[in-house]
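Understanding the architecture of this molecule
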Amino acid sequence: MKNMTATLALGAALLALGACNNNRNANGMDNAQTTEAQKAAGDKTVAAGLAANGKFLAAAKAAGLDQTLAGPGPYTVIVADDSGFDALPPGTYDNWLKPENRAQLTGVMTNVILPGTVLADDISKAIDNGKGKAVLATMGGGTLTATKDGDKIVLTSADGKKATITKADDKFTNGVVHHVDSVLM
Amino acid sequence: MTKLFLAAGVAALAIAVPAAAGPGGQGGSRGGGGKADRAQVDRGGARATARFDRQSARPDRQILRSDRQTSRADRQTSRADRQTLRAERPIRAERVARAQNRQIDRQAIRADRQTMRADRQAIRAGRIDNRSARIDNRASRNLQNGTVFAGDSGWGQAKGRGFIEGCPPGLYMKNNGCLPPGQAKKLIGSVLPAAIVSSSMPIALSSLYPDTANSYYRYNDGYMYRVDRGSNLVNALLPLLGGGYLPGQYLPSNYMSSYVPSAYSSFYPNNQSQCTRYANGVIYYVDCRSGLIENFMPLYDNGYGVGQMLPSSYGYYNLPQQYRDLYYNSADTGYWYAPGAIYQYDQRTSLITSVAALLSPGMSIGQRLPTGYNAYNVPLGYRDTYYDTPDNWYRYSNGNIYQVNPATQLVTALVASALT
């Protein structure tokens, strides 16, 4: 009987160890992701969450970034609404979609994608800590400057173009989307 | 010997003269005789003395004469020597003449060499002309027949081994109907060759270059062709290879002062043996001395992206460790990492079909927190575990979560991988 108890205990211990191992990733590091947080992120990727016929997604596809936005990420994506694209000088958007202008489009698109998940609250805290402004690194190698206009967060590109976050914190499995009213270029 | 005897004689006389003259003079003056006697004696003594003096001076003159003769002989000797030397001068002149002759010979040889070099250059130029003509002929045959090397009668097979289906291996691998490199550009404004008409875009890229009512797209030799349906002429050509300069070309001198942006300088170090330069979104590896491009690395942010062709030197797997479980090569698809992105490419054509992931310049332990990371950016699933405190911040970069010291702003540890 004693032997049987010991065997069961050993088996339970092994199972527990196995469970621990499952919580480690391929690089041998602890996977500290919590289940609640995973649920909060939903079950859709950024690519799936963007408007299928929207101009931003079409531009992302033209730049070859659709797989990126469907990949593991995570990224913070500043998405201009279609009205923002419509406000661009005539022909700008259509020119971006031409294959010969892909490099230019790529530069625009990668400068509205930030590394990691940056929620509006995180930007707000960084602005407060930075005495009124926060500099955010982009995947294109540039920066955006965040400031506050009342309760709203305003993003300014290196070229001085401004966009106000109109809808913040759209959460997805591989990042977060902030919607803005104009295109940062 | 004569000189010796003369000298001995002179010496004997010199000794005898004082001995004879001294007592006489003294005795005369001290003897005390009459005035006349004394005068006679004096006159007689003086004459004798003068005669004796003349006699004794005679050998001196002989000595002087002998000396003069000796020096004359010496002068004659030296004159003879000078004449001898003078006689030797023609030999030196001969030498000079010989040296001049040699110089003339060398000049002649040099002239010959220059002539030979010019001949060789002419022959080489002829070869290049012939080669160009051959390439033009081949291209024109390509245009007419669609393919040249395919078929039993192709010169490739006739010429010998190493050809695949009648096509040189290098061209065969391009799978472009054996169109030689560089000929593609000549096709703008012309009818698309039959070989290219059937060379459709890679499936992965066809969605990016959809055919329309007015035009359609074809791929060949690293270029994407847009063809007008009405005229059936090529009206646009998109080079799918990043950058405008290729290995083997010279980087324009104004780009030699265009250094790699600081964000990429650790990836592409510049040193004495290998110069790295940056132009139009492309990093060039340049031979520091000659300015010749040895390799290039297009960057994603400006000029490198979907639809472009990976350079042939990118034939190995180089993904960062933390991404290898997510993106691994298969028979159809390959992945390539370059600063800024992980690219997915078509194994057959080497064309980039997608950007699998965007990567930032990254963080490393001990490094200062890069600009733009003051905002908390840890993925949602990890926020319960890694949240900012007065002692530690946590920041995400390229699949990893790093710990940062808020006071020093230094990255202190890598605490988790967020790629699962």
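Residues numbered from 1 in each chain as written. Chains lettered and ligands numbered in written order. Predicted model: local features only at pLDDT ≥ 70, side-chain atom pairs only at ≥ 80, totals over all residues.

With respect to the overall build of chain B
Just so we agree on the cut-off: A run of H or I in DSSP becomes a helix once it reaches four residues, and a run of E becomes a strand once it reaches two; helices and strands are each numbered from the N terminus. Comment: burial labels come from other C-beta atoms within 10 Å of the residue's own C-beta, placed from the backbone, where a count of 20 or more is buried, 12 or fewer is exposed, and between is partly exposed. The contact criterion used here is simple: two residues whose C-beta atoms, placed from the backbone, lie within 7 Å are in contact.
Per the secondary structure count, chain B includes 7 helices and 12 strands. The 420 residues of chain B split such that 28% are buried. In chain B, 43% of the contacts between residues at least 6 apart in sequence involve partners at least 24 apart.

What about the overall build of chain A?
For chain A, the helix and strand inventory stands at 9 helices and 7 strands. In chain A, of all internal contacts separated by at least 6 residues, the share reaching a separation of at least 24 is 60%.

Focus on the sheet that holds strand β10 (residues 393-397) of chain B
Residues and elements named next belong to chain B. Inclusion rule: When DSSP finds two or more bridges between a pair of strands, those strands are recorded as paired. Orientation is described by lines fitted to C-alpha atoms, with helices fitted over the stretch in contact, and by angles between N-to-C directions that extend from 0 to 180 degrees.
Strand order across the open sheet formed by 3 strands is β10-β11-β12, with antiparallel pairing between neighbours. Because the sheet does not close on itself, it has two edges, and the strands there are β10 and β12 (410-417). Within this sheet the neighbouring strands show an average axis-to-axis angle of 30°, counted without direction. Pairing of β10 with strand β11 (residues 400-405), which is carried by 5 bridges, proceeds in the antiparallel orientation. Residue pairing in the sheet places Trp393 in a bridge with Val404 of β11.

A closer look at the sheet that holds strand β8 (residues 341-346) of chain B
Two orientations exist for strands paired in a sheet by backbone hydrogen bonds: parallel and antiparallel. Residues and elements named next belong to chain B. One open sheet accounts for 3 strands, arranged β7-β8-β9; its pairing is antiparallel. Two strands bound the open sheet, and with one partner strand each, they are β7 (333-338) and β9 (352-358). If you compare each strand with its neighbour and ignore which way they point, the axes differ by 25° on average. As judged from the 5 bridges shared by β8 and β9, these two strands associate in the antiparallel manner. Paired with Ile342 across the strands is Ala357, a residue of β9.

Some details on the nonpolar core
Filter applied, for reference: Definition of nonpolar core: a set of buried Ala, Val, Leu, Ile, Met, Phe, Trp, Tyr and Cys residues joined via C-beta atoms within 7 Å.
Val77 of chain A together with Ile342, Tyr343 and Ile401 of chain B are the most contacted members of the largest nonpolar core, which has 74 residues in total. Setting aside residues up to four positions removed in sequence, Ile342 of chain B forms contacts with Leu319, Tyr323, Tyr327, Tyr335, Tyr337, Ala356, Ala357 and Leu359 of chain B. In terms of nonpolar packing, the next biggest core, distinct from the first, is built from 8 residues, Met224, Tyr225, Val227 and Val234 of chain B among them.

With respect to the packing of helix α4 (residues 55-62) of chain A against helix α8 (residues 102-110) of chain A
Residue and element names in this part refer to chain A. Rules: When describing relative orientation, an angle under 35 degrees is termed roughly parallel and one over 145 degrees roughly antiparallel, while 65 to 115 degrees is termed roughly perpendicular and anything else oblique. Here a crossing is called left-handed whenever its near helix is offset anticlockwise from the far helix by less than a right angle, and right-handed whenever the offset is clockwise. Each residue is assigned to one of three groups, with Ala, Val, Leu, Ile, Met, Phe, Trp, Tyr, Cys and Pro labelled nonpolar, Asp, Glu, Lys and Arg labelled charged, and all others, Gly among them, labelled polar.
Contact geometry for α4 and α8: axes closest at 9 Å, N-to-C directions at 125°. In terms of orientation, α4 lies oblique with respect to α8. Read as a crossing pair, α4 and α8 show a hand that is left-handed. Packed against α4, whose contacting residues are Ala59, Ala60 and Ala62, the element α8 presents Arg102, Leu105 and Met109 at the interface. In the contact of α4 with α8, the residues fall into 5 nonpolar, no polar and 1 charged.

Some remarks on α4 of chain A
Residues and elements named next belong to chain A. Where burial is concerned, most of α4 is hidden: 6 out of the 8 residues are buried. Buried residues of α4: Lys55, Phe56, Leu57, Ala59, Ala60 and Ala62, and no others. Against the buried residues of α4 lie α5 (66-70), β1 (75-80), α6 (82-86), α7 (92-96) and α8. Just downstream of α4 lies Gly64, where phi reads positive at about 75°.

Some thoughts on the confidence of the model for chain A
When pLDDT drops low, the exact placement of atoms in the prediction is not to be read closely. What counts, and what does not: The pLDDT score gives, residue by residue, the confidence of the prediction method on a 0 to 100 scale.
On average, residues of chain A score 79 in pLDDT, and 77% of them reach the 70 mark or higher. Counted against residues more than four places away or in other chains, residues 1-29 of chain A, with its pLDDT under 50, gives 15 contacts.

Concerning unusual backbone geometry
Pro74 of chain A follows Gly73 of chain A through a cis peptide bond whose omega is 0°. For Pro74 of chain A, the position within the fold is in the loop between α5 and β1. Of note, Asp169 of chain A is a non-glycine position whose phi angle comes to about 60°, a positive value. Here Asp169 of chain A lies in strand β6 (residues 162-172). At Gln409 of chain B, a position not held by glycine, the phi torsion is positive, near 65°. Of the residues examined, Gln409 of chain B has 14 C-beta atoms within 10 Å and is grouped as partly exposed.

Some thoughts on the pairing of β7 of chain B
All names here are of chain B. Pairing of β7 with β8, which is carried by 6 bridges, proceeds in the antiparallel orientation. The partner of Thr333 across the bridge, within β8, is Asp346. Between the antiparallel neighbours β7 and β8 lie 2 residues, among them Gly340 with a positive phi of about 110°.

Comments concerning the confidence of the model for chain B
All names here are of chain B. Predicted confidence across chain B gives a mean pLDDT of 69, with 55% of residues reaching 70 or more. Note on residues 1-42: pLDDT is under 50 here. Beyond four places in sequence and across chains, it has 19 contacts. With pLDDT under 50 throughout, residues 139-161 is counted as low confidence; its partners more than four residues away or in other chains account for 37 contacts. Interface scoring of the predicted complex returns ipTM 0.75; its pTM is 0.51.

A word on the pairing of β8 of chain B
Of all the 6 residues making up β8 of chain B, 5 are buried; the element is thus mostly covered by neighbouring parts of the structure. Between β8 of chain B and β9 of chain B, which pair antiparallel one after the other, the connecting turn spans 5 residues, and Ser350 of chain B there sits at a positive phi close to 65°.

Points about helix α9 (residues 120-129) of chain A
Residues and elements named next belong to chain A. Filter applied, for reference: Directions drawn from the helix axis to the C-beta atoms are what define this arc.
Among all positions of α9, only Asp122, Ile123, Ala126 and Ile127 are buried. Buried positions in α9, seen along its axis, are confined to an arc of 140° and lie on one side of it. Away from its buried face, by an angle of more than 90 degrees, α9 presents the exposed residues Asp121, Asp128 and Asn129. Considering only its buried residues, α9 is in contact with β3 (134-137), β4 (143-149) and β5 (152-156). Just past α9, the residue Lys131 takes up positive phi, approximately 55°.

With respect to the environment of Thr156 of chain A
All names here are of chain A. When you line up the elements, Thr156 lands in strand β5. With 13 residues separating them in the primary sequence, Thr156 and Thr143 have C-alpha atoms 8.9 Å apart. Not counting residues up to four positions away in its chain, the partners in contact with Thr156 are Leu144, Thr145, Thr147 and Lys162.

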